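Tertiary structure, described
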Amino acid sequence: MQRTDIADPAYFHKVVDCQYACPAHTPVPEYIRMIAQGRYSDAYMINWVSNVFPGILGRTCDRPCEPACRRGRVEEANAAAPEPVAICRLKRVTADMKDDVTGRMPKVAAKNGKRIACIGAGPASLTVARDLAPLGYEVTVFDSDPKAGGFIRTQIPRFRLPESVIDEETGYILDLGVNFRGGERVASMKALMGEGYDAIFVGCGAPRGRDLELPGRKEAAAQIHIGIDWLSSVSFGHISKIGKRVIVLGGGNTAMDCCRSARRLGGEDVKVIVRSGFDEMKASPWEKEDAMHEGIPFINFHVPKAFIHEDGVLKGMTFEIVKAQYDAKGKRKLVATGEPDAFFECDEVLVAVGQENAFPWIERDSGIEFDEWGLPKLRKDTFQSTVANVFFGGDSAYGPKNIITAVAHGHEAAVSIDRLLHGEDVAIRPDPMTNLMSQKMGIHEWSYDNDTSNDLRFKVPWQKAEIALASIKVEVELGFDVATAFKEAHRCLNCDVQTVFTEPACIECDACVDICPMDCITFTANGEEEDLRHRLKAPALNLAQDLYVSGELKTGRVMVKDEDVCLHCGLCAERCPTGAWDMQKFLLKTTPAGQGARDAVNRDVTVGAAS
């Protein structure tokens, strides 16, 4: 194998698994250390720069960082249920415990004469506004709803996300001088184009819920509701009660919000009925757990067949009972079991079987092209449509995802818009800003706490069930207190503090090999990767994690380190008699829109041309 190029930002970024997995690349270990130090406002601002909505995401994020967390892999052999650090809930800690951060928000530059229109006031559009308004752009955000937030406000129930948190965090952005035109629906893209905006960003989400055209659907329409529309009506107070017997169709997060909301609005017999198996349900595992904790049953492998009604009054639904069958290639299909159809009585049905994009307001002769699935054709990584100054992001770009993905889209679209309006190629992207800094405080002392905690993941306390289920506005999760946040923060393995090896200083004494508690380090003859992975002291079987390979040492061997289950404990560096190992903090920050990003790109292009 070739010597690992640790100067490439991608290498150590990939070692910080949580940050690498986060679409917005939030520097997770950096802010968790600050929580452990009681620096909540600093931790909040680190989050705010990258993910924009720490208090919102600390309650609602889909948490792609947590399955990637190294803690789960390290504990796997030693715990019955290995669990990652509670990254999401620690993010909430920064929001709950911070001081007033109003004075730490960006100062707005003088207006530069450029006007930007953002359609939809959801997370993608608000991120674009947050990035561009401080640079002097005049940003106008349109939304059909009277208050900003988009689907954050309309589809996430208040028992998961209090409205005060939404108001606070959307307010930080609108207070940057953004012109918010709430209650104003954009009805024509061509008309908007004619208003002379220098760039337009479409962040209107995926606003149409899928329906089920089954027998009885039209006749019993009054008792059958599209899930996302129903949640929106509940959010704005248009609906405050529901029938006692409720069926929720679908297995995603929207279905979980529907069933839990129905439970609080008077539903006594609420059940979720899904065509797939439990493990195949798209809802996040914790969303399913929360629903079951509240006594809501899931009925799997039932395919809806008909809405049963009497003179237009819904009486129930019939379902075909199926099972999963797999072919030789592992492809699944659902086949009937031959059992009689199942019938479930109900008073109302909530249909939460998916969402899709709808752009009836974008004229097909506007120049914006769409693909066969009705999604806009976009330039890769730039979010630029076939009309050069029109960009898409969030669910409106590639279909329904989640809040943190929409935020990531917004950041990238803002970079594209800024480059376009400065006459530069939007396809050339700025490299992230990175550095490596030694953590030495002495011969065997580090500036970070390298004592690995043996605590298992701490549970977030819940409101008492009789209180939580009595009102749709009572927040269920109470969040960590200071003491628990401190202990949970210490479960972080500081994966951004890297083990950096300097081969000229190595005398090949194998002291680091002997002391490594995870058998991560091996000195051996070089070879092809597949062969080398199986010749290490402990085989490196996680192919998604790169090996750290040194150049040739004095004996002709190489040092090979398996990054996969490293504790970042620093024992190798403490034991090394020559200082060949060092613990160096790697910090990566994605480059935002602005002069700094343009200068970095232009500098890289100039260097590349010169070489």
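All values reported here derive from a predicted model rather than from experimental measurement.

What about the sheet that holds strand β9 (residues 298-299)?
Reading across from one edge, β6-β14-β7-β8-β9 is the order of the five strands in this open sheet, with parallel pairing throughout. Looking at strand neighbours, the two that pair on one side only are β6 (224-226) and β9, the edges of this open sheet. Examined bridge by bridge, β6 and strand β14 (residues 348-351) share three bridges and lie parallel to one another. Within the sheet, the bridge partner assigned to I226 lies in β14 and is V351. Here helix α13 (residues 227-235) sits on the sheet in contact with β6 and β14, set at roughly 90° to β6.

Digging into the packing of aromatic side chains
In total, this model carries 14 aromatic pairs according to the counting rule given. One aromatic cluster is present, formed by Y11, F12, Y548 and F586 through successive ring pairs. Lying over the aromatic face of W286, R63 brings its terminal NZ or CZ to 3.9 Å of the ring centre. Over the face of the ring belonging to Y44 we find K98, whose NZ or CZ atom lies 4.9 Å from the ring centre.

Some remarks on the pairing of strand β11 (residues 313-326)
The sheet contact formed by strand β10 (residues 302-310) and β11 spans eight bridges and is antiparallel. Of the residues in β11, the one forming a bridge with I308 is G316. Where β11 meets strand β13 (residues 342-345), four bridges bridge the pair, whose relative direction is antiparallel. What sits directly across from M317, in β13, is F344. Bridge count between β11 and strand β12 (residues 332-336): five bridges; the pairing is antiparallel. Paired with A324 across the bridge in β12 is L334.

Brief notes about the packing of α13 against helix α14 (residues 253-264)
Two numbers describe how α13 lies on α14: the axes approach to 10 Å, and their chain directions differ by 45°. When the axes of α13 and α14 are compared, the pair comes out oblique. For the pair α13 and α14, the sense of crossing is left-handed. Of the residues in α14, those touching α13 at G227, I228, W230 and L231 are T254, D257, C258, S261 and A262. Broken down by class, the residue content of the contact of α13 with α14 amounts to five nonpolar, three polar and one charged.

As for the confidence of the model for the chain
When pLDDT is averaged across the chain, the result is 93; 96% of the residues are at 70 or more. Residue range residues 605-611 is modelled with pLDDT below 50. Its contacts to residues more than four positions away, or to other chains, number one contact.

Some details on the nonpolar core
Of all hydrophobic cores here, the largest spans 63 residues; its most connected members are V139 and V202. A per-element tally of this core places helix α17 (residues 403-420) first, with eight residues. Not counting residues up to four positions away in its chain, the partners in contact with V139 are I116, C118, A129, L132, A133, V178 and N179. Membership of the second largest hydrophobic core comes to 56 residues, among which are Y31, A86, I87 and V565.

The rules behind the values
Residues numbered from 1 in each chain as written. Predicted model: local features only at pLDDT ≥ 70, side-chain atom pairs only at ≥ 80, totals over all residues. Heavy atoms only, no water. Pairing = 2+ DSSP bridges. Helix = DSSP H or I, 4+ residues; strand = E, 2+ residues; numbered from the N terminus. Contact = heavy atoms within 4.5 Å. Axes fitted to C-alpha atoms, helices over the stretch in contact; angles between N-to-C directions. Phe/Tyr/Trp six-rings, centres within 6.5 Å; stacked < 30°, edge-to-face > 60°. Lys NZ or Arg CZ within 6 Å of the ring centre and 35° of its normal. Parallel < 35°, antiparallel > 145°, perpendicular 65-115°, else oblique. Left-handed = near helix turned anticlockwise from the far one by under 90°. Nonpolar A, V, L, I, M, F, W, Y, C, P; charged D, E, K, R; others polar. pLDDT = per-residue confidence, 0-100. Core = buried A, V, L, I, M, F, W, Y, C linked by side-chain atoms within 4.5 Å. Buried < 20%, exposed > 50% of the residue type's maximum accessible area, 1.4 Å probe, protein only.

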